[in-house]
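Spelled out, the chains give:
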Amino acid sequence: MEAKELIIVIPAYEPDHLLPELIDKLNEYFHGHKMIVVNDGSLNKEELFKEVEEKDNVILLNHEVNMGKGAALKTAFNYIRELKDSYIIVTADSDGQHKPEDIYRVYNFYKKYNKGLVLGSRKFDGDIPKRSAFGNNCARFLLQLCNGIRLNDTQTGLRAFGSDLIPFLLQIKGNRYEYEMDMLSLAKQRSIPIHEIAIETIYINNNSGSHFRPVRDFSRICSVILKYTLPLFISILFYIGGFIFLYFQFKNHEQLKDYNYIIALVGSGIFAVLAHYLMNALGILNGNPYVFKNKRSVAYYLLGSIVVLGLTIGTSYAFRLFIPFWWLSFGLGLLVPFILLVVWVYFFSMKSKLFED
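For every chain, the first residue of the written sequence is number 1, and numbering continues from 1 onward in sequence order. The predicted origin of the model limits local features to residues at a pLDDT of at least 70 and limits the giving and counting of side-chain atom pairs to 80 or more, whereas totals for whole chains, interfaces and linings rest on all residues. Side-chain metrics rest on all non-hydrogen atoms present in the structure, leaving aside hydrogens and water.

A.B. asks: Sorry if this is basic, but what is going on with the sheet that holds strand E2 (residues 34-40) here?
C.D. replies: What the seven strands build is an open sheet, ordered E3-E2-E1-E4-E6-E5-E7; its pairing is mixed. The open sheet is flanked by strand E3 (58-63) and strand E7 (194-198), the only strands paired with a single partner. The sheet shows a mean angle of 20 degrees between the axes of neighbouring strands, direction not considered. Here, strands pair whenever DSSP counts at least two bridges between them. Secondary structure elements follow DSSP: runs of H or I no shorter than four residues count as helices, runs of E no shorter than two count as strands, and numbering proceeds from the N terminus. Pairing between E2 and E3: six bridges, direction parallel. Bridging from a neighbouring strand, Val38 pairs with Leu61 of E3. Two residues qualify as a contact provided that any one of their heavy atoms is within 4.5 Å of a heavy atom in the partner residue. For helices, the axis comes from a line fit to the C-alpha atoms of the stretch in contact; other axes are also lines fit to C-alpha atoms, and the angle between any two N-to-C directions lies between 0 and 180 degrees. The sheet contacts of helix H2 (residues 46-53) involve strand E1 (5-12), E2 and E3, and relative to E3 the element is tilted by about 150 degrees.

Now the structure itself:
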């Protein structure tokens, strides 16, 4: 369904005079389109929000107490869902960091393609507050490493998407800054396209008006990124634990002691791959069930696992034949399969495009 109208969503906590000014400018750019401003429990701002509410095309929603940016966005999305119509939604910050021209460009980009999630991406070079540059660079690195998502700006509040994504957006957990990061990770999981277009980078008074709490909020963001790697790390633990257990279990077995090394390699490898597959296929511990949504992806995963298992056995057993020191051959025999397993699981679950529609 093609979206008929634009709605601009502006979550606001302790805003200043820049918010009414932004609304005036947006009314000049977007004639007659709705703006939803969510007052997220601001204190002593009654006069300012009264001024905002009296402006044309503004719908004001209120939280009695501060609940967080993610909660404010969800409040607006619930309101839009009740309108029972199709809209293009653009979210923007209230602190003057998003120019109306850039809001229009993000909106226009989405309107052209009418699909996915569009991000207004800032450049973090030049005279940028150190905490902002550091936080974005760390989050960008972790997001690419753990989730295979490569973006220039992971924390931008300027985003455009269709109202058809609202059911998905309301399912995302988290009520504060981590909500927007989780949106990116889950969009990747569900093969929702993510686009970036460059916008101007604006920091007013060295970003002193930001309510981002560096330690607490950044730790929330990191935890959101890392939680989707749990199936990978757990399968690695299964591999290491299974290898050691099987190796020593059969080391003194009268009939199988000569094959205990191969048994440990094959058994632990199969166990680790199976554990990873089940956690993703069943959505356990933040596993990604969308990875295995068709027969081709399952066949590709199993075929790759067999190839990696064969390489594991061959390379590890070669160490046993050509390295005279038992402890060194044992250590390398454990390390090489570990590396191969990590590379394979990471490549498939984070990088492969074969399972996408």
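Having seen the model, we can carry on.
A.B. asks: Explain the packing of helix H9 (residues 230-250) against helix H10 (residues 260-281) to me, please; I cannot follow it from the model alone.
C.D. replies: Two measures define how a pair of helices packs: the angle their axes make with one another and the distance between the axes. The contact between H9 and H10 brings their axes to 8 Å, and the two run at 155 degrees. Here H9 lies roughly antiparallel to H10, going by the angle between them. Seen from above, H9 lies across H10 with right-handed handedness. Here the residues of the contact of H9 with H10 sort into 17 nonpolar, eight polar and no charged. Geometric relationships in this document are graded by angle, where less than 35 degrees denotes roughly parallel, more than 145 denotes roughly antiparallel, 65 to 115 denotes roughly perpendicular, and other angles denote oblique. Crossing handedness is defined as follows: a turn of the near helix away from the far one that is anticlockwise and smaller than a right angle gives a left-handed crossing, while the clockwise case is right-handed. For this scheme, ten residues count as nonpolar: Ala, Val, Leu, Ile, Met, Phe, Trp, Tyr, Cys and Pro. Four count as charged, namely Asp, Glu, Lys and Arg, and the remainder, Gly too, count as polar.

A.B. asks: Even after reading the chapter, I still don't get the pattern of salt bridges, so can you show me in this structure?
C.D. replies: It is possible for side chains bearing opposite charge to pair when their charged atoms get close. The salt bridge definition used is simple: a Lys or Arg side-chain nitrogen within 4 Å of an Asp or Glu carboxyl oxygen. Evaluated as defined, the whole model comprises seven salt bridges. When the shortest N-O distance is used, the salt bridge between Asp24 and Lys55 registers 2.9 Å. Highlighted residues: Asp24 in helix H1 (residues 18-29) and Lys55 in the loop between H2 and E3, separated in sequence by 31 residues. A residue is classified by how much of its surface remains accessible, and Asp24, at 35% relative accessible area, is partly exposed. In this structure, the salt-bridge partner of Arg105 is Asp102, at a minimum N-O distance of 3.3 Å. Residue Arg105 and its partner Asp102 are both found in helix H4 (residues 100-113); the two are separated by three residues, about one turn of the helix. The class for Asp102 is buried, based on a relative accessible area of 8%. Each of Lys69, Asp93 and Glu180 takes part in salt bridges that share partners, so that together they form one network. Here's how the labels work: a residue is buried when its accessible area is under 20% of the maximum for its type, exposed when over 50%, partly exposed in between, all with a 1.4 Å probe on protein chains only.

A.B. asks: Even after reading the chapter, I still don't get the packing of aromatic side chains, so can you show me in this structure?
C.D. replies: Each aromatic ring pair is described using two quantities: the centre-to-centre distance and the angle formed by the ring planes. Classification of ring pairs uses Phe, Tyr and Trp, with its six-membered ring standing for Trp, and accepts pairs whose centres are within 6.5 Å; under 30 degrees between planes counts as stacked, over 60 as edge-to-face, and the remaining range as tilted. If you walk through the whole model with that rule in mind, you get nine aromatic pairs. Pairing Phe238 with Phe271 gives two aromatic rings, centres 5.1 Å apart and planes at 40 degrees, and the pair type is tilted. Residue Phe238 is found in helix H9, and its partner Phe271 is found in helix H10; the two are separated by 33 residues along the sequence. For Phe238, a relative accessible area of 32% translates into the label partly exposed. Phe271 gets classed as partly exposed once you look at its relative accessible area, which sits at 43%. One aromatic cluster in this structure is built from Tyr29, Phe30, Tyr104 and Tyr107.

A.B. asks: Would you mind going over helix H3 (residues 69-82) with me for this structure?
C.D. replies: Since the α-helix turns once every 3.6 residues, residues separated by three or four places project in the same direction. One fewer than the residue count of a helix, multiplied by 1.5 Å, yields its expected span. Here H3 contains 14 residues, and its C-alpha end-to-end distance of 20 Å stays within 8% of the 20 Å for a straight helix at 1.5 Å per residue. Among all positions of H3, only Lys69, Gly70, Ala71, Ala72, Leu73, Lys74, Ala76, Phe77 and Ile80 are buried. One or two positions beyond H3, positive phi appears at Lys84, with a value near 55 degrees.

A.B. asks: Is there a simple way to think about H2 in this case?
C.D. replies: Restricting attention to buried positions, one finds in H2 the residues Leu48, Phe49 and Val52. Each buried residue of H2 lies within a common arc of 90 degrees when the element is viewed along its axis, so the set occupies one face. Turned more than 90 degrees away from the buried face of H2 sit Glu46 and Glu47, all of them exposed. Looking at the buried side of H2, the elements it contacts are E1, H1, E2 and E3. Directions are taken from the helix axis to each C-beta atom, and the arc is the one they span.

A.B. asks: Where do I start with the pairing of E2 in this structure?
C.D. replies: Where a strand is regular, its side chains alternate between the two sheet faces. Most of E2 sits out of view: six of its seven residues are buried. Note that E1 and E2 share six bridges and pair parallel. Note that in E2 the partner of Ile7 across the bridge is Lys34. The handedness rule is simple: strands pointing away from the viewer, and a clockwise path from the first strand over the helix to the second, make the crossover right-handed. Handedness of the crossover is the feature at issue here: the chain leaves E1, passes through H1, returns alongside E2, and the resulting connection is right-handed. The parallel pair E2 and E3 is bridged by H2, and the resulting crossover is right-handed.

A.B. asks: Before we go on, may I ask you to explain a nonpolar patch on the surface in this structure?
C.D. replies: Patch definition: residues with relative accessible area over 30% and no salt bridge; like charges joined within 9 Å; nonpolar side chains (Val, Leu, Ile, Met, Phe, Trp, Tyr) joined within 5 Å. Accessible surface area values rest on a Shrake-Rupley calculation with a 1.4 Å probe, where residue burial reflects the displayed protein chains alone. Judged by side-chain polarity, Leu230, Leu274, Leu278, Leu282, Ile284 and Leu285 come together as a nonpolar surface patch covering roughly 510 Å² of accessible area. Along the chain, Ile284 turns up in the loop between H10 and helix H11 (295-322). For Ile284, a relative accessible area of 38% corresponds to the partly exposed category.

A.B. asks: When you look at unusual backbone geometry in this model, what are you seeing that I'm missing?
C.D. replies: Across the chain, the bulk of peptide bonds are trans and the bulk of non-glycine residues have phi less than zero. Even without being a glycine, Asn114 presents a positive backbone phi close to 55 degrees. Within the secondary structure, Asn114 sits in the loop between H4 and strand E5 (117-121). Backbone geometry at Ser191 places phi at a positive 60 degrees, although glycine is not the residue there. Structurally, Ser191 is set in the loop between helix H7 (178-189) and E7. Classification of Ser191 by relative accessible area gives partly exposed; the value is 24%.

A.B. asks: What am I meant to see in the confidence of the model for the protein here?
C.D. replies: A low pLDDT means the predicted coordinates there should not be read in detail. As a per-residue quantity, pLDDT reports the predictor's confidence and falls between 0 and 100. Per-residue pLDDT for the protein averages 78, and the proportion of residues at 70 or more is 73%. Between the elements of the protein, mean pLDDT differs from a low of 60, seen in helix H8 (residues 214-226), to a high of 95, seen in strand E4 (residues 87-91). Below pLDDT 50 for its whole length, residues 351-357 participates in 18 contacts with residues either more than four positions away or in separate chains.

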